[in-house]
Amino acid sequence: MKYFITACILFLVFCSMFSCRTPENLNYLQGTLDTGNPRKFRIPEPIIQKGDLITIVVFSDNPTATQLYNQSLISVGTATAGSGVQSSGYLVDGKGNIQFQGIGTMHVEGLTKDQLAAMLDSKLKDTLLKNPYYNIRFVNFKVTMLGEFKNPGQYSIPAERVSILEAIAMAGDFTEFGLKDKVLVIREKNDEREINYIDLTRPDLFSSPFFYLQQNDVVIVEASKRKAKVNDQLTPRNIGIATSIVSTIAIIITVFRR
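Here is what the cut-offs are and how they apply
- Residues numbered from 1 in each chain as written.
- Predicted model: local features only at pLDDT ≥ 70, side-chain atom pairs only at ≥ 80, totals over all residues.
- Heavy atoms only, no water.
- 1 Å grid on protein atoms, 1.4 Å probe; cavity = no way out; pocket = protein on both sides within 12 Å on 5 of 7 lines; lining within 4 Å.
- Points joined across faces, edges and corners; volume = space filled by probe spheres on them.
- Nonpolar A, V, L, I, M, F, W, Y, C, P; charged D, E, K, R; others polar.
- Core = buried A, V, L, I, M, F, W, Y, C linked by side-chain atoms within 4.5 Å.
- Buried < 20%, exposed > 50% of the residue type's maximum accessible area, 1.4 Å probe, protein only.
- Helix = DSSP H or I, 4+ residues; strand = E, 2+ residues; numbered from the N terminus.
- Contact = heavy atoms within 4.5 Å.
- Pairing = 2+ DSSP bridges.
- Axes fitted to C-alpha atoms, helices over the stretch in contact; angles between N-to-C directions.
- Patch = residues over 30% accessible without salt bridge, like charges linked within 9 Å, V, L, I, M, F, W, Y side chains within 5 Å.
- Areas by Shrake-Rupley, 256 points an atom, 1.4 Å probe, with all protein chains shown as cover.
- Salt bridge = Lys/Arg side-chain N within 4 Å of Asp/Glu carboxyl O.

A. Here's a closer look at empty space enclosed by the protein. Evaluated as defined, the whole model comprises one cavity of 30 Å³ or more. What lines the largest cavity is Ile43, Pro44, Glu45, Pro46, Phe141, Glu160, Arg161, Val162, Tyr212, Leu213 and Gln214. For the lining of the largest cavity, a count of residues per class yields seven nonpolar, one polar and three charged.

Okay, here's the thing in structure tokens:
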């Protein structure tokens, strides 16, 4: 029995050598943060892109005349996580145009909401409207979160602004295998595609132009090499090792019992 207990202890020690691993540093914003000097920051304005769905509501001191510019909005299904919602708005076509009621074709691609409001003002100011003003919103402002998130998917942003940290929180944070120091952001703007890696462990994250996401951004988190090892090697290898050790213990017990 004494030899059996010794063999079992050796077995547990041997298994612990394979089960233990060096813990990865999972913290965000590592290093020293300058907390004593508040800094001003500017949230970038979303830019209208092809495929965007926007609502434009016109107001003025003449409600009767205003009604002319708030008609015939198209109804388009927007895909949100877990539901399909019908939303009305102006769909920006493949040429970057919308067909605005009472005006006709307007090229809006590349404009901010303020710039679009200025364009509308230049076209409507001398009509029957008095003191026109506009409520412009993105209906389908969304970001796509892929890879090592607990809840990957496409997320609609009702507030029209979202930081990458907020988007990560919506996706349930990283899995244990997600690499925080190599997060890929894909952005399409003005028929060009920008691809950039950001490091969520660095304090200068806040100064990155990709800290605030824009509509239709795609965020991809890669898996660490440890995931492949866990999935493909460690489990079957440890099972084989454990089987061999158990067999050895059985042989030892048999020998000493004789």
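B. Region of the structure containing the nonpolar core. Formed by 44 residues in total, the largest nonpolar core has its most connected members in Ile56, Leu116, Met145 and Ile164. Ranked by the residues each element gives to this core, the list is headed by helix H3 (residues 113-124), at four residues. Residues within four places of Ile56 in sequence aside, it is in contact with Asn70, Tyr90, Ile98, Phe100, Leu116, Leu120, Asn135 and Ile136.

C. Layout of the sheet that holds strand E7 (residues 142-147). The five strands lie next to each other as E8-E7-E13-E10-E11, forming an open sheet whose pairing is mixed. Two strands bound the open sheet, and with one partner strand each, they are strand E8 (153-156) and strand E11 (192-198). Each adjacent strand pair in this sheet contributes to an overall mean axis angle of 20 degrees, direction not counted. The pairing of E7 with strand E13 (residues 218-223) spans four bridges and is parallel. In the strand pairing of E13, Thr144 is matched with Val218.

D. Region of the structure containing a nonpolar patch on the surface. A surface patch of nonpolar side chains, amounting to about 260 Å² of accessible area, comprises Val57, Phe59 and Tyr133. Positionally, Tyr133 belongs in strand E6 (residues 133-138).

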